[in-house]
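# Secondary and tertiary structure notes
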Amino acid sequence: MYQIIDGKKISQEIKEELKEKVAVLKEQGKTICLAVIQVGNDPASSVYVGNKKKACAYIGIESQSYELPEETTQQELLELVQRLNADDKVNGILVQLPLPKQIDEGKVIQTIAPEKDVDGFHEKNVGALCVGSKGYVSCTPLGIIQLLKRSGVEIAGKNCVVIGRSNIVGKPMALLLLRENGTVTVCHSRTQNMKEITKQADILVVAVGKPKLIDDTYIKEGAVVIDVGIHRGADNKLCGDVDFEKAAPHTSAITPVPGGVGPMTIAMLMYNCVSSVSENPVP
Ligand code: NAD
């Protein structure tokens, strides 16, 4: 029988721990403020931004909201980011992606001061992860490490395979697993004989962006499977990159969609915000 890794429960645990930490910090006169910028009114982005603000309120972080019109120019957005960089009251800056096409996302990310880049996307933070020094780490892969650790999954010495090499998920995931002493292989769209590789995995992280691509034929019996994908099917139901029904019976543990990786992303954003004033706020 396989274990379902419950991201809802684990993310709630982390939020409770952070809430306590924030209360202690407040007593010491340390407050935390996250500035959230949304450009345009993409409905999915509005939901994500709303959830982030709710999480801030829950754990006791102040949030400032900047809702800019779709036609905002790159210059206008950069000026806002620079103003927030210079504002001592603001600890973290989050620009909700994707941005409208007239704005260069890379330029915006690199303009955020690295010490306020709570998404962990700035080159300086990515570089820090790469060489093993202090910096913010992308929230989704950071959350996956917490899911594994809090579910009792040993990473050190294990064969870890990551499918996907995006800057936000795949690459930082591989680096984090390496930091935890896993033996890491990355598969991507040009990988040949992918099944031969994934069938070696003790821990398989799937961030491929294709609904139900990974079924039991990719999985070693008893592997731990983490599904990062999130898609809404024609039936309006959510599904992941893994075909849960086919894969789950062959795993020892697996994350569901919804309720697996998704809730961890916001919890780890809160973790990064609290880290801005207190090192390693939860174990
Ligand atoms: P992406 O599209 O940027 O990257 C997908 C990666 O998969 C690419 O590196 C590509 O090389 C690889 N790939 C594509 N087709 C492949 C194939 N047939 N075989 C092997 N590799 C292939 O996506 P992303 O931003 O990394 O996101 C991946 C998924 O995770 C998406 O479904 C996204 O919605 C989801 N996501 C979820 C969260 C969350 O909080 N739950 C956060 C970020 C992303």
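What counts as what
- Residues numbered from 1 in each chain as written.
- Predicted model: local features only at pLDDT ≥ 70, side-chain atom pairs only at ≥ 80, totals over all residues.
- Heavy atoms only, no water.
- Helix = DSSP H or I, 4+ residues; strand = E, 2+ residues; numbered from the N terminus.
- Rg over C-alpha atoms; globule rule 2.2 N^0.38 Å.
- Buried < 20%, exposed > 50% of the residue type's maximum accessible area, 1.4 Å probe, protein only.
- Contact = heavy atoms within 4.5 Å.
- Areas by Shrake-Rupley, 256 points an atom, 1.4 Å probe, with all protein chains shown as cover.
- Lys, Arg positive; Asp, Glu negative; His and termini not counted.
- Charge placed at Lys NZ, Arg CZ, Asp CG, Glu CD.
- Core = buried A, V, L, I, M, F, W, Y, C linked by side-chain atoms within 4.5 Å.
- Pairing = 2+ DSSP bridges.
- Phe/Tyr/Trp six-rings, centres within 6.5 Å; stacked < 30°, edge-to-face > 60°.
- Lys NZ or Arg CZ within 6 Å of the ring centre and 35° of its normal.
- Axes fitted to C-alpha atoms, helices over the stretch in contact; angles between N-to-C directions.

### With respect to the overall build of the protein chain
Assigned secondary structure in the protein chain consists of ten helices and eleven strands. For 283 residues, the compact-globule estimate of 2.2 N^0.38 gives 19 Å, and the C-alpha radius of gyration of the protein chain, at 19 Å, lies within 12% of that figure. Expressed as lengths along the three principal axes of its C-alpha atoms, the size of the protein chain is roughly 50 × 45 × 40 Å. In the protein chain, which comprises 283 residues, the share counted as buried stands at 49%. Here the contacts in the protein chain between residues at least 6 apart in sequence split such that 70% fall between residues at least 24 apart. Accessible surface, the protein chain: about 13600 Å² in total, of which carbon and sulfur atoms supply 51%. Counting 32 positive and 34 negative side-chain charges, the protein chain places the averaged centre of each group 2 Å from the other.

### A look at the nonpolar core
Counting 52 residues, the largest nonpolar core has Leu34, Ile61, Leu148, Leu177 and Val205 as the members making the most contacts within it. Among the elements that make up this core, the one with the highest residue count is helix H10 (residues 262-275) (nine residues). Excluding anything up to four places from it in sequence, isoleucine 61 contacts Ile32, Cys33, Leu34, Cys56, Met270, Cys273 and Val274.

### Some remarks on unusual backbone geometry
A cis amide bond links leucine 97 to the next residue, proline 98, at an omega of 0°. On the secondary structure map, proline 98 appears in the loop between strand S4 (92-95) and helix H4 (105-111). Its identity is not glycine, yet asparagine 181 carries a phi of approximately 70°, on the positive side. Topologically, asparagine 181 is positioned in the loop between helix H7 (170-179) and strand S6 (183-187). Its relative accessible area of 52% is what places asparagine 181 among the exposed residues.

### Section: the pairing of strand S5 (residues 159-163)
A regular strand places its side chains on the two faces of the sheet in alternate fashion. The element S5 is extensively covered by neighbouring structure, given that four of its five residues are classed as buried. As defined by bridge partners, S5 adjoins S6 across five bridges and the pair is classed as parallel. Bridging from a neighbouring strand, valine 161 pairs with threonine 185 of S6. When S5 meets strand S7 (residues 203-206), the two strands line up parallel, connected through four bridges. Within the sheet, the bridge partner assigned to valine 162 lies in S7 and is valine 205.

### Details of the environment of aspartate 241
Tracing the chain through its elements places aspartate 241 in the loop between strand S10 (238-239) and helix H9 (244-247). Of the residues examined, aspartate 241 reaches a relative accessible area of 0% and is grouped as buried. Residues aspartate 241 and isoleucine 230, eleven residues apart in the sequence, show an inter-C-alpha distance of 6.9 Å. Apart from residues lying up to four places away in sequence, aspartate 241 is in contact with Val206, Ala207, Val208, Gly209, Lys210, Pro211, Lys212, Leu213, Ile214, Asp227, Gly229 and His231.

### Details of the packing of aromatic side chains
Each aromatic ring pair is characterised by the separation of its centres together with the angle its planes make. Using the criterion set out here, one finds one aromatic pair in the structure. Plain terms: the ring middles of tyrosine 2 and phenylalanine 244 are 6.2 Å apart, the flat faces sit at 80° to each other, and that makes the pair edge-to-face. Here tyrosine 2, found in the segment before strand S1 (3-4), pairs with phenylalanine 244, found in helix H9; they are 242 residues apart in sequence, far enough to count as distant. By relative accessible area, which is 22% here, tyrosine 2 ends up partly exposed. The ring of tyrosine 218 is capped by lysine 195, whose NZ or CZ atom sits 4.9 Å from the centre of that ring.

### Some thoughts on the sheet that holds S1
Here six strands make up an open sheet; going across it, the order is S1-S11-S8-S7-S5-S6 and the pairing parallel. Two strands bound the open sheet, and with one partner strand each, they are S1 and S6. Note: S7 against strand S8 (residues 223-227), four bridges, orientation parallel. Opposite valine 206, over in S8, you have aspartate 227 as the bridge partner. Its contacts with the sheet put H7 on S5, S6 and S7, and the angle it makes with S5 is roughly 170°.

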